[in-house]
Amino acid sequence: MAFSPQVQDCAEDSNSVAGLTAAVEKAKDQLKNKGLLSGETIGEIFNSVAKKLNGLSHKSEKKDRQKLREKMMGIMVDVVKEVPANTPKEVQVLARGLAALVQEGTELSVSAQKEASSLLANLSSSILHMSVSESEENKKEIHSTATTIVEGVSNMLDYSSNKEISDALLDALKNTQSALLMFKKTSESPTIIQQAHISVFVKRVTRKNVYTESINIPNCSCSAFSLPELPSNIFPSEEPVDVRMLSLDKNPFSWNERGNISGRIGSLSLTTKHGSGIPVENLSEDIEILLPRPVGEQVNTSVLDLGNFSTTVIDVPSADTTLLLKMVLSKDPLPFKVFLGYMDYPTEANYIAMTQMPQYGNTQEERYTWLLDPKSLKGNIGVHYLVVRPIVGPGIKSINASLSVTPITASCKFWDESRLDWNNHGCRVSTVIFTLHNITCCSDFRGYNGFLSFKVGAKSTHLVTQCLCNHLTFFGSSFFVTPNLVDPSRTVELFATFAENPVVVCFVGALFVTYLLVVVWARRKDIQDTGKVKVTVLEDNDPLDKYRYLLSVSTGHRIGASTSSEVTVTLLGAEANSEPHHLSDAKKPAFERGAVDLFLLTTPFSLGDLQSVRLWHNNTGSHPNWYVGNIMVQDLETEQKWHFLCNSWLAIDMDDCSLDQVFPVSTEVELKRFSNLFFMKTAKDFSDGHLWFSVISRPPSSTFTCVQRVSCCFSLLLCTMLTSIMFYGIPTDPSEQTLDLGHFEFTWQQFMIGVQSSLIMIPVNILIVSIFRNTRPRKMSCCQHKIKKRNTIKQQRTLQTVSSQTVSSQTATTNMNVNATLDIIIQDITRIARSLSKTVQSNIPCTESEFGSGQQIDINAMLSVVEDFIKQNHKTSDSVQTKTPAQLSVQGIQKKSNKTQYLYRQLCDIDKELNLLEPSCFPTPYSYCRALQQVQGMKDYLEDQLLTSSCVNQDELTNTKSSPADCTDNKESQKKRVCCHGGLPWWFIFFGWLLVIATSCVSGYYTMLYGLKFGKERSISWLVSMIVSFFQSVLLIQPLKVLGLAVFFALVLKKVDEEDLRNVEFQGNDKNMDCKEQQIMRRDGSLYEPPPPADIKKMRRNIIMEQKAFALLKEILTYIGFMWMLLLAAYGQRDPNAFLLNQHIRESFSGQIANSMSLGDVFTWANTSLLSNLFGVYPGFITDGNSKLVGNARLRQLRVQKNSCQIAGSMLKLLSDCHAPYSWETEDMGSYEPGWNHSAGDNVSTSSPWRYQTQARLRAYPFWGKMVLYRGGGFVVELGPNLQNASSNLEYLFRNKWLDVYTRAIFVEFTVYNANVNLFCIVTLLLETTAVGALQFHSELQSIRLYQSTGGLYIFVMAAEIIYLLFILYYMFLQGKLMKQQRWVYFKNKWNLLELIIILLSWSAVAVFIRRTLLSNRDITNYQNHKDQFASFYETATADSTLQYLIAFLVLLATVKLWHLFRLNPKMNMIIATLQRAWTDIFSFLVIIVIMLVAYSIACNVIYGWKISSYRTLMDALLTIISLQIGIFNYAEVLDNTPLLGGLLFGSCIVLMTFVVLNLLISVILVAFNEEQLYHKPSEDEEIVDLMLKKICGLFGIKCRHDAGSHRLGREATVGISRQLQEGSR
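Described below are features of the structure shown in this document. What you see is a predicted model; the values in this text were computed from it and never measured.

About the criteria used
- Starting afresh in each chain, residues are numbered from 1 along the sequence in its written order.
- Totals for whole chains, interfaces and linings use every residue, but because this is a predicted model, local features are given only for residues with pLDDT of at least 70 and side-chain atom pairs only at 80 or more, for both listing and counting.
- With hydrogens and water set aside, each side-chain value is computed from the structure's full complement of heavy atoms.
- Here a strand is any run of E in DSSP of at least two residues, a helix any run of H or I of at least four, and the numbering for each starts at the N terminus.
- Burial classes follow relative accessibility: with a 1.4 Å probe on protein chains only, a residue under 20% of its type's maximum area counts as buried, one over 50% as exposed, and anything between as partly exposed.
- The contact criterion used throughout is that any non-hydrogen atoms of two residues lie within 4.5 Å.
- Computed with the Shrake-Rupley method and a 1.4 Å probe, the accessible areas treat only the protein chains shown as cover for residues.
- Only buried residues count toward a nonpolar core, which is a set of Ala, Val, Leu, Ile, Met, Phe, Trp, Tyr and Cys residues joined through side-chain atoms within 4.5 Å.
- Any two strands are treated as partners once DSSP identifies two or more bridges connecting them.
- To define axes, lines are fitted to C-alpha atoms, for helices over the stretch in contact only, and angles between the resulting N-to-C directions are given on a 0 to 180 degree scale.
- When the sulfur atoms of two cysteines come within 2.5 Å, that pair is taken as a disulfide.
- Definition used for salt bridges: Asp or Glu carboxyl oxygen within 4 Å of a side-chain nitrogen of Lys or Arg.
- Between the rings of Phe, Tyr and Trp (Trp by its six-membered ring), a pair exists once the centres lie within 6.5 Å; its type follows the angle of the planes, with under 30 degrees stacked, over 60 edge-to-face, and the other angles tilted.
- Given a helix with a known number of residues, its expected span is that number minus one, times 1.5 Å.
- Taken from the helix axis, the directions to the C-beta atoms give the arc we talk about.
- Roughly parallel means an angle under 35 degrees; roughly antiparallel means over 145; roughly perpendicular covers 65 to 115; every other angle is labelled oblique.
- Note that Gly is not counted as nonpolar here; it falls among the polar residues with everything else outside the nonpolar set of Ala, Val, Leu, Ile, Met, Phe, Trp, Tyr, Cys and Pro and the charged set of Asp, Glu, Lys and Arg.

A word on the overall build of the protein chain
- Along the protein chain, the regular secondary structure elements total 46 helices and 40 strands.
- Here the protein chain holds 1626 residues, and the buried ones make up 45% of them.
- In the protein chain, the proportion of contacts linking residues at least 24 apart, taken out of those at least 6 apart, comes to 76%.
- Counting every atom, the protein chain has about 82600 Å² of accessible surface; 57% of that belongs to carbon and sulfur.

Pasting the structure below:
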């Protein structure tokens, strides 16, 4: 219509209430002026305006919106009065606008609500008075209109609380139900309308179906009604009955504040077809009403021990409720008495209610349910006590039984129309768990007379209230579930039930015992870890080197990352390089997987800024490969750090295959790279942060010990168990909304349980962990440590003085003379020059080789060189200091001082060595004196430099030996910094242990109480869920948290964690630590060099050979397992009894069959042999009664058409008809009357034996006979279930000549099942002819297993099949990896193609196996549903045959693959090479052989095909000629027919084929074999096999001698013999 767009545009352009008001007035005036004002137009306008109005929410305009709604309501009422609606569509438009208008109830006054409810009632009533014809279109319009009216009622029901409004809305619903029933047919599916707060149900049924069908709304949270058989006198006539049900989410009588209605409202009424009510009251049987509860309450089940006087507390909240006690006894039957007392424990003399259990009932639940109505409770409100006392016979002292009691309070109420109030007089409550979940019902019949019975049923639970009533009205329910707590005062009573329920107590006790055992292990681990946190001072540090570097070497976490080799490191700096050092520690293993090893490396002076680190190892030990993670080097003098991200293998067979690598220093960008930060954070959190994993992988340097971590885990586990058992079994509140997050859903109740559990256990456990982690270890104070250290130094100096006085100077001189020679002095001077040359660039010779060697070296010249180095070095330093004095740092001065001190100490040692030598050791006395002067001059020069720099005092210059205190000054300062600040005081550790003990004991105690209270079954259920959730948390959720945090730190924070090395201690040789007896160390250069390339190449080859040997052994063992599983799977599908079963059935049915049969003979055989065996002695079984006939047997005939061939012209006068042999083109597929008289078209029944049926309808497949391939269709007749029916059917067929000259094939098909061997046998007996008149017999039987056996063998075979699939997945992975590496070259290898074929066939077999299973289930189901018909299992049999063929080819190809494994055998390798060499010649001879076989086959078929069966077809002739070559031949049948021609033909075949061609083929192979022996090159696989055999023999302790030259000599001897044979043949 034209007005609609205008109105909508007007409304859309108005964004305020004033604009909407103006738009409404304008639209009304326009429509009125044009004469278009009607209910439909107003409905369209107000629907658009109301939607816009509902979107406005400004509080300032609320009154304006209310006025506009009231104005629109008045306009709509006036328009409806003036222009009533005439069609359902107009009513729908009006109702839609009204529903939108009343959506916001807060903006409607009470008067406007009354007008709206009255208008809804009028609109619904107007539908009933319209003249509407019965059509599908009108039905849909009425349904749409009713839905809109119900939507409006639902909107108003949400906020209305007025009686007048409530009555109008209920009238609207009643009229709507009547409108829906206007064109309703009997037994038609119900009409259902569901809105937010209302569900409407109407249905028209017969009188009988009123009580036979449950009245409910499927898939709805609604009430349900079940009516008993109603008296016939309440129905006015035999007309159908209309069933009307309402389900209301809101209370329509909310204006009545009494009743305490907390549940849903349900209503049901029965009316006649014309709408008059059928009174349902004073019934002899109760109506069952199920009212689901939207509010869920906690349900507590108390477990009482019947061995004691067990009690429980019950709270009754109101005086009008019914109390139900649901009891479950552990041992049934066991009589007992139940006493209920009010405000005190009941006794046998003082109680308010008592009963004896079990009571009378049909079910276990009814017998152990005690229902107490308000009268029995005597109106008492509050705490009640329940006491259970078992009834035992004489002589019984104890009872081992428990009773679980679940108290439920509920009430059922109905709306009393006369009193306008809710009433529960005569109501009974019962609770069931209904499968349709929260069904709401309501009834519109509210008037009744007579006695009313309305009561709570005995089947009530906390989910659904069952109300029982003898009338129909509005019903509601209220529901309360009493809480329950564990009572610590009942400890003795609960522990007395330990014998019946020891589950939780034993589990908690086992946890305590396990904890103690684990603590012992953890303590030993802590003791072992204390030795790992000390810094190892390298043994090859020079005692004179005072510049210290701390190395932190991290070994990776990869499998096999640790090493047994000797690792060597060299620091490469900007100013100098360090000497190579062995990283080893004799007191502890180094470089273990995931470990961090600390080493102290000393140098003569600073190396400057480090640029790289060089690492290598000697590749020794049982596991030489090493995966180095990262290295951190710290300059202890300047505290500068350098990081080296290595993450590489030092191995000869992995990564770069290198033992020697140089790693550059990492930049800040590299350190903050995501991969590095993520890996470091993940590794640290798993080893230290993850509480459970860190028990095993705790960093040794952490102060959080392993014992403490185990204790924290124990406390956390017990706290988790307590919170879990506290909230276990709390029912879900059905009224709560579920938050759906994809695959995850949770409710507010679950969220609050999680929050409460976290508040109980997390804070205390975090506090315990924080105390243990942040408490300082207990140490003596700094002052005490300093005093002790001073005393130690003083004692060492005293001992040193006494030692020097005790030991004679002569001995010392003798030792020095022994060690000091001119060559050693020259070596020491050369070493000093070399160290100086690394820092000063000069052309002065600095190595011993540059000076000369031995006694030819001039020591004075070498000292001059050293002096020039010293002066040049200090001159450069002085110039730098003079140019930039302000910029010279303290570190630079310190580095210069360290270098000067190092040179000074070295010169002091050389001076002492020169003084010990005599002048005769020198070439000239002058040389000796000059050397002393040169050394003294350099010492004086260095003394001046040291005094100038003020870095040392005079006492240090005059003392050549350092005290131990001097070597550990920096160490003492570090300890001082550590012990004086940071962390909690050491005594906080006692608070941590106190919390651990308290939380563990309290949690364990209450967990045991809860477990004893739960009972055994519930305790086991909780324990299983607890264990599953625990492992899920530890193994899945917490690792995911660690990974998530690592990603966050790596992407957002990008902070590099520094390792805390403050608590580590130094350990090493005493001479290095205490600086005693310092002397110059002289290195053996060969010990500090990496393995030479030749040795590395040899080692790499040995490793590769070993890997190949182990890979070969693994391949062989894997393939043996693969073949074993394949053969088990293959033979598991076969049964040896199948052949015997087939043979027995074939012989039974073919015993009296002749070679050639006529049509009459066929009927004779069918009536005798076929029927006698088909219907044996035992009914339903064939032959001897061992095989059951499955379904009926059937006969199927294939025919040819009349005049299907042409007759020769000269014979037309003699013959009038010609019948061709069978072919698909000539097959007759028509429909006939009996006797094949006339064509009947489609009028014949589909089951008639005279009508052709297709193979799709018959569920058959084409069949290969001996002569031709037959189609699966045909003319079919079923023989029947017994011998009598089968005989009569055959008689009918014989009498009507069902078989005649046009018959070409007769099939007898049936299926049997032999339970003895669990096999189905599909039997097909075929009689076929080629149109010559004689029928030939052929049978095909296939036995399959459709029901898998349940014995141990079946499980074993199934396990083998699963393992076989795992093998296939493994081989798929290997081939995929190989295909990725080789790409297209992969397909050129024949063994790769063989692997691919095996994999494809395996998955094809799996697919066919699944298809066979599905088909077998379908066929068996079809047979069970149609046992009186033929059971077709052809598709299943075809799938089974395909599966067997696939498995057979799999076994064939898998066996062929063994050839590939035998390639390692030298002889097999020789044979393979021979065939490859001779393949061209072999192929040529094979072509010749094929040509000759085909030629002789064709000749024999042409000559003998018409008279000898062996040559009847070309294929038969070919098989006969092939048999001739292997000696299988019937000479008599050929020579009897044609002696001369046969002798020439077959004689020439034998001579040419056997004597000539085949012998030439063998000669070609022998020649190729001879040549291969001459030129054969042994493969590498032979050496691998030898190595593998050595390893295997060594493993079992067998001596395996292998002479490498034996094979070579053997080959040479073979070659020599071959040459002699060749010469002799010449």
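There's more to say after this.
Details of the nonpolar core
- Judged by nonpolar contacts, the single largest core of 65 residues is most densely connected at Phe 46, Leu 98, Leu 120 and Val 153.
- The greatest single-element share of this core, amounting to 8 residues, is contributed by helix α4 (residues 62-82).
- Among the nonpolar cores identified, the runner-up in size contains 55 residues, and Phe 591, Phe 599, Leu 863 and Val 865 belong to it.

Topic: the side chain of Ser 1000
- Relative to the assigned elements, Ser 1000 resides in helix α29 (residues 988-1014).
- Residue contacts for Ser 1000: discarding those within four places in its chain leaves Phe 512, Phe 714, Ser 715 and Leu 718.

Some words on unusual backbone geometry
- A cis amide bond, omega 0 degrees, links Met 357 with the succeeding residue Pro 358.
- Looking at the secondary structure, you find Pro 358 in the loop between β11 (353-357) and α10 (364-367).
- With a phi close to 45 degrees, Thr 1183 is a non-glycine residue in the positive phi region.
- Within the element layout of this structure, Thr 1183 appears in the loop between β32 (1181-1182) and β33 (1187-1199).

Things to note about the sheet that holds strand β25 (residues 610-617)
- If you trace the 4 strands from one edge of the open sheet to the other, you get β23-β22-β25-β28, paired in antiparallel fashion. Either end of the sheet is taken by a strand with one partner, and the two such strands are β23 (581-583) and β28 (660-664). Strand-to-strand twist in this sheet, taken as the mean axis angle between neighbours without regard to direction, amounts to 30 degrees.
- In the sheet, strand β22 (residues 567-573) pairs with β25 via 7 bridges, with the strands oriented antiparallel. Within the sheet, the bridge partner assigned to Gly 573 lies in β25 and is Leu 610.

Some thoughts on the sheet that holds strand β8 (residues 310-316)
- With antiparallel pairing, the 4 strands of this open sheet are ordered in space as β8-β13-β10-β11. The two strands at the open ends of the sheet, each matched to only one other strand, are β8 and β11. Averaged over neighbouring strand pairs, the angle between their axes works out to 20 degrees when direction is ignored.

A few points about the state of the cysteines
- Inspection of every chain in the model, using the stated rule, returns 2 disulfides.
- Covalently, Cys 220 is tied to Cys 222 through a disulfide, its sulfur atoms 1.9 Å apart. One exposure class covers both Cys 220 and Cys 222, and it is buried.
- Its sulfur unpaired, Cys 1500 is 7.2 Å from the next cysteine sulfur, which belongs to Cys 1549.
- Under the relative-accessibility criterion, Cys 1500 is labelled buried at 0%.

A closer look at the environment of Lys 871
- On the secondary structure map, Lys 871 appears in helix α23 (residues 859-883).
- With 70 residues separating them along the chain, Lys 871 and Tyr 941 place their C-alpha atoms 8.7 Å apart.

Examining the pattern of salt bridges
- Evaluated as defined, the whole model comprises 29 salt bridges.
- For Arg 698, the salt bridge goes to Asp 526, with nearest N and O atoms at 3.5 Å. With a gap of 172 residues between them, Arg 698 in the loop between α16 (694-697) and α17 (706-726) and Asp 526 in helix α13 (residues 503-530) connect regions that are remote in the sequence.
- The exposure class of Arg 698 is buried, given its relative accessible area of 6%.
- Residue classification places Asp 526 among the buried residues on the basis of a relative accessible area of 5%.
- The partner of Asp 1300 in a salt bridge is Arg 1199, and the shortest N-O contact between them spans 2.7 Å. With Asp 1300 in the loop between α36 (1283-1295) and β38 (1303-1314) and Arg 1199 in strand β33, the pair connects residues that are 101 residues apart, well separated along the chain. For the pair Asp 1300 and Arg 1199, one class covers both residues: buried.
- In the salt-bridge network here, residues are joined through shared partners; they are Arg 1259, Arg 1411, Arg 1418, Asp 1419 and Glu 1435.

Quick notes on the pairing of β25
- Among the 8 residues that make up β25, 6 are buried, leaving the element largely enclosed by the rest of the structure.
- Inspection of the sheet shows β25 paired to β28 by 5 bridges, in the antiparallel sense. Counterpart to Trp 616 in the pairing with β28 is Asp 660.

Some words on the packing of aromatic side chains
- Enumeration over the complete set of coordinates arrives at 47 aromatic pairs.
- Taking the centre distance of 6.2 Å and the plane angle of 15 degrees together, the rings of Phe 336 and Tyr 368 count as stacked. A residue pair is termed long-range when its members are at least 10 positions apart, and Phe 336 in strand β10 (residues 336-342) and Tyr 368 in the loop between α10 and β12 (369-372) qualify at 32 residues. Side by side, Phe 336 and Tyr 368 carry an identical accessibility label, which is buried.
- Aromatic side chains Phe 1122 and Phe 1367 sit 6.2 Å apart centroid to centroid with 75 degrees between the ring planes, which places their arrangement in the edge-to-face category. A residue pair is termed long-range when its members are at least 10 positions apart, and Phe 1122 in helix α32 (residues 1093-1132) and Phe 1367 in helix α37 (residues 1352-1382) qualify at 245 residues.

Considerations on helix α42 (residues 1514-1525)
- Taking 1.5 Å of rise per residue, the 12 residues of α42 would be expected to cover 16 Å, and the 17 Å separating its terminal C-alpha atoms lies within 8% of that figure.
- All buried positions along α42 are accounted for by Ala 1517, Thr 1520, Ile 1521, Leu 1524 and Gln 1525. Projection of α42 onto a plane perpendicular to its axis shows the buried side chains occupying an angular sector of 150 degrees, all on one side.
- Where α42 is buried, its residues contact α41 (1479-1504), α43 (1531-1537) and α44 (1539-1575).
- Gly 1527, located one to two residues past α42, shows a positive phi value of around 90 degrees.

Examining the packing of α13 against helix α30 (residues 1016-1053)
- Viewed as axis vectors pointing N to C, α13 and α30 meet at an angle of 40 degrees, and their least axial separation amounts to 9 Å. Taken together, α13 and α30 sit at an angle that is classed as oblique. Packed against α13, whose contacting residues are Val 503, Val 504 and Phe 507, the element α30 presents Lys 1016, Ser 1019, Ile 1020, Trp 1022, Leu 1023 and Ile 1027 at the interface.
- The class makeup of the residues in the contact of α13 with α30 is 7 nonpolar, 1 polar and 1 charged.

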